[in-house]
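Letter by letter, the chains look like this.
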Amino acid sequence: MASRISELIIPCQDPNALAAFWCEVLDFVVLDTEDDGSVEVGPREGFGGLQPTLIFSPTTEPKTGVLRMHFDVNATDRDQDAELERLLSLGARPADVGQTGEESWHVLADPEGNEFCLLRTRLS
């Protein structure tokens, strides 16, 4: 038997706003909110499936530096260019983490500056 990732915790200054952004990006829904202001989002099927849930946990500390771990996302129903436009319209913005410009992926940042990559391959 092995372990698997069930939840990813993301400290942030505005859990509700970041949860709303990632729900739109991933087609997730809000699964739970806690008294401390944490917001859990995940697949419509709920906790425990193949995809981990995301918990946006409130902090007063701003993000500093490049993240040591980040998300890679892939479009599911459109090509990379169309998905890039959709993500930018949701509030993502281009980010520079030292890429050369020759990469097949786009480096973006969410509304709080957390880097993530949009990969070329479309997943079904």
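Residues numbered from 1 in each chain as written. Predicted model: local features only at pLDDT ≥ 70, side-chain atom pairs only at ≥ 80, totals over all residues. Heavy atoms only, no water.

1. A word on the packing of aromatic side chains
To describe a pair of aromatic rings, you give the distance between the ring centres and the angle between the ring planes.
Thought 1: Applying the stated criterion across every chain, the model contains 4 aromatic pairs.
Thought 2: Seen in terms of ring centroids, phenylalanine 21 and tryptophan 22 are 5.3 Å apart; in terms of plane orientation they differ by 90°. Their pairing is edge-to-face.
Thought 3: For phenylalanine 21, a relative accessible area of 4% translates into the label buried.
Thought 4: By relative accessible area, which is 1% here, tryptophan 22 ends up buried.
Thought 5: Ring centres of tryptophan 22 and phenylalanine 71 lie 5.1 Å apart, and the angle between their planes is 70°; on these two criteria the pair is classed as edge-to-face. Of this pair, tryptophan 22 sits in helix 1 (residues 15-26) while phenylalanine 71 sits in strand 5 (residues 71-73), placing them 49 residues apart in sequence.
Thought 6: Using a relative accessible area of 22% as the deciding quantity, one classes phenylalanine 71 as partly exposed.
Thought 7: Of the aromatic side chains, those joined through ring pairs into one cluster are Phe21, Trp22, Phe71 and Phe116. (Phe/Tyr/Trp six-rings, centres within 6.5 Å; stacked < 30°, edge-to-face > 60°. Buried < 20%, exposed > 50% of the residue type's maximum accessible area, 1.4 Å probe, protein only. Helix = DSSP H or I, 4+ residues; strand = E, 2+ residues; numbered from the N terminus.)

2. Quick word on the sheet that holds strand 4 (residues 53-58)
Thought 1: One open sheet holds the 4 strands; their spatial order is 1-4-3-2, and the pairing between them is mixed. Strands with a single pairing partner mark the edges of an open sheet, and in this sheet they are strand 1 (7-12) and strand 2 (29-33). Ignoring which end each strand starts from, the neighbouring axes of this sheet average 25° apart.
Thought 2: Sheet topology places strand 2 next to strand 3 (residues 39-42); 4 bridges connect them, and they run antiparallel. Of the residues in strand 3, the one forming a bridge with valine 30 is valine 41. (Pairing = 2+ DSSP bridges. Axes fitted to C-alpha atoms, helices over the stretch in contact; angles between N-to-C directions.)

3. Section: helix 2 (residues 80-90)
Thought 1: Those residues of helix 2 that sit buried are Gln80, Glu83, Leu84, Arg86 and Leu87. Buried positions in helix 2, seen along its axis, are confined to an arc of 165° and lie on one side of it. Seen from the open side of helix 2, the exposed residues pointing more than 90 degrees away from its buried face are Asp81, Glu85 and Ser89.
Thought 2: In this structure, the buried residues of helix 2 make contact with helix 1, strand 5, strand 7 (106-109) and strand 8 (115-118).
Thought 3: One side-chain oxygen of the residue at the start of helix 2 lies 3.2 Å from the amide nitrogen of aspartate 81, identifying that residue as aspartate 79. (Arc of directions from axis to C-beta. Contact = heavy atoms within 4.5 Å. Polar contact = N/O pair within 3.5 Å; in protein donor to acceptor, adjacent residues only side chain to side chain.)

4. Digging into the environment of leucine 26
Thought 1: In this fold, leucine 26 is placed in helix 1.
Thought 2: Given a relative accessible area of 30%, leucine 26 falls into the partly exposed group.
Thought 3: Between the C-alpha atoms of leucine 26 and phenylalanine 116, which are 90 residues apart in sequence, the distance is 13 Å.

5. Quick word on the pairing of strand 7
The two faces of the sheet receive side chains in turn, since in a regular strand these alternate between them.
Thought 1: Pairing of strand 6 (residues 93-94) with strand 7 involves 2 bridges; the strand directions are antiparallel. Within strand 7, the position partnered with arginine 93 by the bridge is alanine 109.
Thought 2: Where strand 7 meets strand 8, 4 bridges bridge the pair, whose relative direction is antiparallel. Residue pairing for strand 8: alanine 109 is matched across the bridge by glutamate 115.
Thought 3: Linking two consecutive strands that pair antiparallel, namely strand 7 and strand 8, is a turn of 5 residues; a positive phi of about 90° is found at glycine 113 within it.

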